[in-house]
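# Summary of structural features
In case you want the letters, here they are:
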Amino acid sequence: MATAAAAVAAELLAVARAAPSACPSAAQFRPHCARLARKVSVLANLFEEILDFFIAAANPSVSFCCLDLLLLSLRAVLRFFSIVDSRSGLVGKHITLQFQYVIWQLESALGNLQFDHFNISDEVQEQVELVRSQLRRSLEKPETPNLLVFSEVFQALSDIHGIKDIYQESSNTSAALEIGGTGYSDHDIREIIVLVAEVNGKYDYDVELVLAAVIQRLGKTKLEDLCEVVLKDKEPDNSSKKTLDEIKKADTPVIPEDFRCPISLELMKDPVIVATGQTYERSFIQRWIDCGNRTCPKTQQRLQNLTLTPNYVLRSLIMQWCETHRIEQPNRLINGRLRKKDGTFYEISGDRAAIDALVRNLSSASMEEQRSAAAEIRSLAKRSTDNRILIAEAGAIQILIGLLSANDQKTQEHAVTSLLNLSIYEPNRETIMLAGGIVPIIEVLRMGSMEARENAAAAVFSLSLSDENKITIGGTAGAIEALVELLQCGSSRGKKDAATALFNLCIYQGNKSRAVKAGILNPLLDMLKDYSSNGMVDESLTILSVLVSHQEAKLAIAKSNMIPHLIDLLRMGQPRSKENAAAVLLALCKKNCNNLACIGRLGAIIPLTELVNSGTERAKRKATSLLEHLNKMQTILL
């Protein structure tokens, strides 16, 4: 049993590691697949621990059927990637259904996993829960069909890999015929079954029997609704029914070829010109370049430089065409209005023409014009949300990221501060991350002027407010190390910015050990000793309070001679400092007799007793709990 389980775990690990490289090259669906592939790759840590568990356990008593479901779901993801590649020109509703299905299947399989059975660490559990929450959010996005309501349908169809069980539920195929007269032929529902079977890699089954069994299990209503949402436009007359694709094709005007990106073949929203004079959608040509390509995709000529120049004339023409044909571009302003997630519109006020002119000047050949434009954008982005929306809309983010490597110190400072101010508006954070902004921001954090480093640290904090970004930023080479260095050697403001960013990153369990390895405890200890009016005792305690939940960090804190200073804070600190010091000490002493004995020897009982009598409510609770632990230890010793 252990050998078989270990083999399944090993395959899970291999598939998770292979997911990013298996991501399809078909441009239209690649961003969605890339996000899914990144989520799958994060699960490699989970499968490593499961594999270690089975290798260590000669005869495990736990059932590993949940791993079979996980393996099925991951195979379906890879199979879906290959389907997208094979149908690069036909990505539509059918592909969307399959995409939603594999997401649902993976989220469901992860939900069935019992962490305790496999001794999964808290850090990895947190990673898995984060992936699950992201998968659920992607299923609930308003621009996609709400297929969660069909979870029972998906559950039944996911059993196709065990089709014999489904056969047994159906004594005959008459149920398949009962769908007639409802506005759908059995062909409609059969089409859904075939699509789901395709991503599960099952082709050798009798569709009639499966159809009958699924209808018998779930009833016709859910399947009819699924057809209505995903495949068909319900009409009384079956003979006159049209697919949604056909209806959409009849109502949608033909997009002029010059308005399509040569890579994605989609309507461009941020067209840019490369060195050969060809125009592409910025995100797609940027990914092409990021993959190491140095040729123009259309002409195959070598690019003399990698500058991407906004094509404002074409962009204006595209926007006019969209307004004329009443086509809303995703995340774009239409007549000064921004469509919100709930479908309502938000009126944007601001001088759009002036902002467009400033963004053009960011790409000027004159360093003075670039510096002046960056300074003005920095100021505008600080003033209002409307300005942040308009500046991002004008295509400034990618250009500002490029200016982070400018030789001019002031230009670099203005650029990184502009990105900080733009990131206050949440949708801009994803734009900055997708545009590859985090690596150059970290470079500024490492090598820039003190002002640039301070604002780069603040930008890291702002970007890390999104949970997924905590993983990406923490895993970026040198990110945490640069923040720790600023915490150690920066100005007073720089230390505070670094402390805030580190605290936010360390909320994610996986970054706690990285911070300890980067040497964060040394500056935290120095901060604990500083009782001056502008000291950072509270910042140090706040970071320690999140680090101490990690076992490796807890051991390192205990070895760093920090406990005596925490006890000093119980005696002489401000009320908030006493409260946080008590909380850190309690976390250090839980299930650790050595640390508990240490605080007893150092005379913690008296200040803890005083805290019980005069501290804040939270401080009283922590101090009371610590005293109870100390009393129990003394009773045991007696």
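Residues numbered from 1 in each chain as written. Predicted model: local features only at pLDDT ≥ 70, side-chain atom pairs only at ≥ 80, totals over all residues. Heavy atoms only, no water.

The name given to the protein in an unreviewed UniProt entry is Zinc finger RING/FYVE/PHD-type protein, with the source organism recorded as Dioscorea alata.

With that settled, the discussion passes to the overall build of the protein. Looking only at helices and strands, the protein features 35 helices and six strands. Counting every position in the protein, which comprises 638 residues, the buried fraction comes to 51%. Taking the contacts inside the protein whose residues are at least 6 apart along the sequence as the reference set, 69% of them involve residues at least 24 apart. As displayed, the protein has an accessible area near 29,400 Å², and 50% of this comes from carbon and sulfur atoms. (Helix = DSSP H or I, 4+ residues; strand = E, 2+ residues; numbered from the N terminus. Buried < 20%, exposed > 50% of the residue type's maximum accessible area, 1.4 Å probe, protein only. Contact = heavy atoms within 4.5 Å. Areas by Shrake-Rupley, 256 points an atom, 1.4 Å probe, with all protein chains shown as cover.)

Where helix H15 (residues 312–324) meets helix H16 (residues 352–362), the closest approach of the two axes is 12 Å, and the angle between their N-to-C directions is 150°. On the side of H15, the interface is formed by Tyr 312, Arg 315 and Met 319, while H16 contributes Arg 352, Asp 356, Val 359 and Arg 360. Tallied by class, residues from the contact of H15 with H16 come to three nonpolar, no polar and four charged. (Axes fitted to C-alpha atoms, helices over the stretch in contact; angles between N-to-C directions. Nonpolar A, V, L, I, M, F, W, Y, C, P; charged D, E, K, R; others polar.)

Ranked by internal contacts, the top residues of the largest apolar core, which has 98 residues, are Ile 520, Leu 547 and Ile 599. Broken down by element, this core gets its largest block of residues, eight residues, from helix H32 (residues 575–589). The residues contacting Leu 547, other than those within four sequence positions of it, are Cys 506, Lys 512, Ala 515, Ile 520, Leu 521, Leu 524, Ala 553, Lys 554 and Ile 557. One finds Phe 53, Leu 106, Ala 109 and Leu 139 within the second-largest nonpolar core, a separate group that totals 52 residues. (Core = buried A, V, L, I, M, F, W, Y, C linked by side-chain atoms within 4.5 Å.)

Our focus in this paragraph is the sheet that holds strand S3 (residues 309–310). Spatially, the three strands line up as an open sheet ordered S2-S1-S3, and their pairing is antiparallel. Each end of this open sheet is capped by a strand with a single partner; those strands are strand S2 (279–281) and S3. Note: strand S1 (residues 271–273) against S2, three bridges, orientation antiparallel. Looking at S2, one finds that Val 272 is bridged to Tyr 280. (Pairing = 2+ DSSP bridges.)

In total, this model carries zero disulfides according to the counting rule given. Free cysteine: Cys 589, not disulfide-bonded; nearest cysteine sulfur from Cys 598 at 7.9 Å. (Disulfide = S-S within 2.5 Å.)

This next bit is on the pattern of salt bridges. One pass over the full model with this rule turns up 16 salt bridges. Put simply, Glu 257 and Arg 260 hold a salt bridge, and the shortest N to O gap is 3.6 Å. Among the residues examined, Glu 257 registers a relative accessible area of 59% and is labelled exposed. Residues Arg 493 and Asp 497 are paired through a salt bridge, measuring 3.5 Å at the closest nitrogen-oxygen approach. (Salt bridge = Lys/Arg side-chain N within 4 Å of Asp/Glu carboxyl O.)

Below, the discussion takes up the confidence of the model for the protein. For the protein, per-residue confidence averages 78 on the pLDDT scale, and residues scoring 70 or more make up 73% of the total. Confidence scores differ between elements of the protein, with helix H9 (residues 174–177) showing the lowest mean pLDDT of 38 and helix H20 (residues 409–422) the highest of 96. Overall, residues 160–186 carries pLDDT values under 50, and its contacts beyond four positions in sequence, including any with other chains, amount to 59 contacts. (pLDDT = per-residue confidence, 0-100.)

Taken as a whole and assessed by the stated rule, the structure comprises four aromatic pairs. When the centroid spacing of 5.7 Å and the interplanar angle of 85° are considered together, the rings of Phe 53 and Phe 118 count as edge-to-face. With a gap of 65 residues between them, Phe 53 in helix H3 (residues 44–56) and Phe 118 in the loop between helix H5 (93–111) and helix H6 (122–139) connect regions that are remote in the sequence. Of the residues examined, Phe 53 reaches a relative accessible area of 15% and is grouped as buried. Taking the centre distance of 6.1 Å and the plane angle of 75° together, the rings of Phe 259 and Trp 321 count as edge-to-face. Residue Phe 259 is found in the loop between helix H13 (244–251) and S1, and its partner Trp 321 is found in helix H15; the two are separated by 62 residues along the sequence. (Phe/Tyr/Trp six-rings, centres within 6.5 Å; stacked < 30°, edge-to-face > 60°.)

Residues of H16 that are buried include every one of Ile 355, Asp 356, Leu 358, Val 359 and Leu 362, and no others. When H16 is viewed along its axis, its buried side chains cluster within an angular range of 160° and face the same direction. In this structure, the buried residues of H16 make contact with H15, helix H17 (367–383), helix H18 (385–393) and helix H19 (396–403). (Arc of directions from axis to C-beta.)

What follows deals with helix H22 (residues 438–447). Of the positions making up H22, those classed as buried are Ile 438, Ile 441, Ile 442, Val 444 and Leu 445. Down the axis of H22, the buried side of the element spans an arc of 155°, and every buried residue falls inside it. Those residues of H22 hidden inside the fold are in contact with H20, helix H21 (426–434), helix H23 (450–463), helix H24 (467–474) and helix H25 (479–489).

Another point: the side chain of Asn 428. Mapping Asn 428 onto the fold places it in helix H21. Among the polar contacts listed, one links the side chain of Asn 428 to the backbone oxygen of Arg 388, at a separation of 3.4 Å. The residues contacting Asn 428, other than those within four sequence positions of it, are Arg 388, Ala 392, Ile 397, Leu 422 and Ser 423. (Polar contact = N/O pair within 3.5 Å; in protein donor to acceptor, adjacent residues only side chain to side chain.)

Here the focus is the side chain of Glu 413. Tracing the backbone through its elements, the reader meets Glu 413 in helix H20. Glu 413 sits in the buried class, given a relative accessible area of 2%. With near-sequence residues (within four places) excluded, Glu 413 lies in contact with Arg 378, Ser 449, Glu 451 and Ala 452.

A separate point is the packing of H19 against H20. Relative to each other, H19 and H20 sit at 140°, their axes nearing to 8 Å. Considered as vectors, H19 and H20 are oriented oblique to each other. Crossing of H19 against H20: the hand is left-handed. Two secondary-structure elements touch here, H19 through Ile 397, Leu 400, Ile 401 and Leu 403 and H20 through Thr 411, Gln 412, Ala 415, Ser 418, Leu 419 and Leu 422. Among the residues making up the contact of H19 with H20, the classes are represented as seven nonpolar, three polar and no charged. (Parallel < 35°, antiparallel > 145°, perpendicular 65-115°, else oblique. Left-handed = near helix turned anticlockwise from the far one by under 90°.)

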